[in-house]
Amino acid sequence: MNRHFLIVLTFLFISCETNTKLFDDVSEIAEFDNVYKPTLIQSGKERGFPEFIAEYGLFKIDSLEFQNLEHSILTNDKFKEGTFYFNIELNDYIYNNGLEILNMSKSLITENQFDKIYYLYLLSDRNTFIVCKVNY
């Protein structure tokens, strides 16, 4: 009986875990002063050969953290003007919820332009943002 309880408890713990690796990577590159605790809403990967072409995470944070994140991005010289990386799931989420991207002028960040490029899109509900990593 105890073993079954332990297995169920372990399963619940793993299923509730929030994977913030994409956001953590961006935070490390951007060297944000604040510590943000986003909650993963949705994630996905686009397959390519031999590895994934892109992956994304859709996150939520509270409105005060969102304001701080927005300020951190807009005042950070490491963020450059980006474009929208078209992904069907993300596009559907943005369209179905009537949202817009607030920071297109400062949405791209990378350590090396020939390797991985990250896009961080702040959405107009002021609680949701997207991190998209594109492998070149």
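In case you missed it, the structure is sitting above this.
The numbers attached to residues start from 1 for each chain and follow its sequence in the written order. For this predicted model, a pLDDT threshold of at least 70 governs which residues receive local features, and a threshold of 80 or more governs which side-chain atom pairs are given and counted, while totals over whole chains, interfaces and linings are taken from all residues. As a convention, hydrogens and water are excluded, and side-chain values are obtained from all of the structure's heavy atoms.

Novice: Just to check I follow, could you spell out the side chain of asparagine 76 for this structure?
Specialist: Its place among the elements puts asparagine 76 in the loop between helix H3 (63-74) and helix H4 (88-96). Pairs of N or O atoms within 3.5 Å make up the polar contacts considered here, provided that, within protein, one atom can donate a hydrogen while the other can accept it, and that residues adjacent in sequence are counted only when both atoms are side-chain atoms. Within the local environment of asparagine 76, its side chain forms a polar contact with the backbone nitrogen of lysine 78, the two atoms lying 2.8 Å apart. Contact between two residues is taken to exist if any of their heavy atoms lie within 4.5 Å; hydrogens are not considered. Those residues in contact with asparagine 76 that lie beyond four places of it in its chain are Ala30, Phe32 and Lys106. Each helix is a run of H or I in the DSSP string that is no shorter than four residues. Each strand is a run of E no shorter than two, and both are numbered from the N terminus.

Novice: How should the pairing of strand E4 (residues 116-122) be read in this particular structure?
Specialist: On any regular strand, side chains alternate: one points to one face of the sheet, the next to the other face. Remark: exposure states derive from per-residue accessible area (1.4 Å probe, protein chains only) relative to the maximum for the residue type, with buried under 20%, exposed over 50%, and partly exposed in between. The buried count for E4 comes to six of seven residues, which makes it a mostly enclosed element. One bridge is not enough; two strands pair if DSSP finds at least two bridges between them. Relative to E4, strand E3 (residues 108-109) runs antiparallel, the two sharing two bridges. Bridge pairing in E4 links isoleucine 109 to tyrosine 118. Hairpin remark: E3 followed by E4, antiparallel, with six residues in the connecting loop. Bridge count for E4 against strand E5 (residues 128-135) is seven bridges, and the pairing is antiparallel. Bridge pairing in E5 places lysine 116 opposite asparagine 135. In this structure, the hairpin formed by E4 and E5 is closed by a connection of five residues, where arginine 126 is found at a positive phi of approximately 65°.

Novice: Would you explain the sheet that holds E4 in this entry?
Specialist: Working definition: the strands of a sheet are paired by backbone hydrogen bonds and lie parallel or antiparallel to each other. The five strands lie next to each other as E1-E2-E5-E4-E3, forming an open sheet whose pairing is antiparallel. The sheet is open, and its two edges are formed by strand E1 (39-47) and E3, each paired on a single side. Along the sheet, H3 contacts E4 and E5; its crossing angle with E4, the most-contacted strand, is approximately 130°. An axis is simply a line fitted to the C-alpha atoms; with a helix, the fit covers only the stretch in contact. Between two such axes, the angle follows the N-to-C directions and lies from 0 to 180 degrees.

Novice: When you look at unusual backbone geometry in this model, what are you seeing that I'm missing?
Specialist: Working note: non-glycine residues mostly have negative phi, and peptide bonds are mostly trans. Of note, the phi angle at glutamate 31 is positive, near 55°, even though the residue is not glycine. The residue glutamate 31 is located in the loop between helix H2 (21-30) and E1 in this model. Look at arginine 126: it is not a glycine, yet its phi comes out positive at around 65°. Mapped onto the fold, arginine 126 is located in the loop between E4 and E5.

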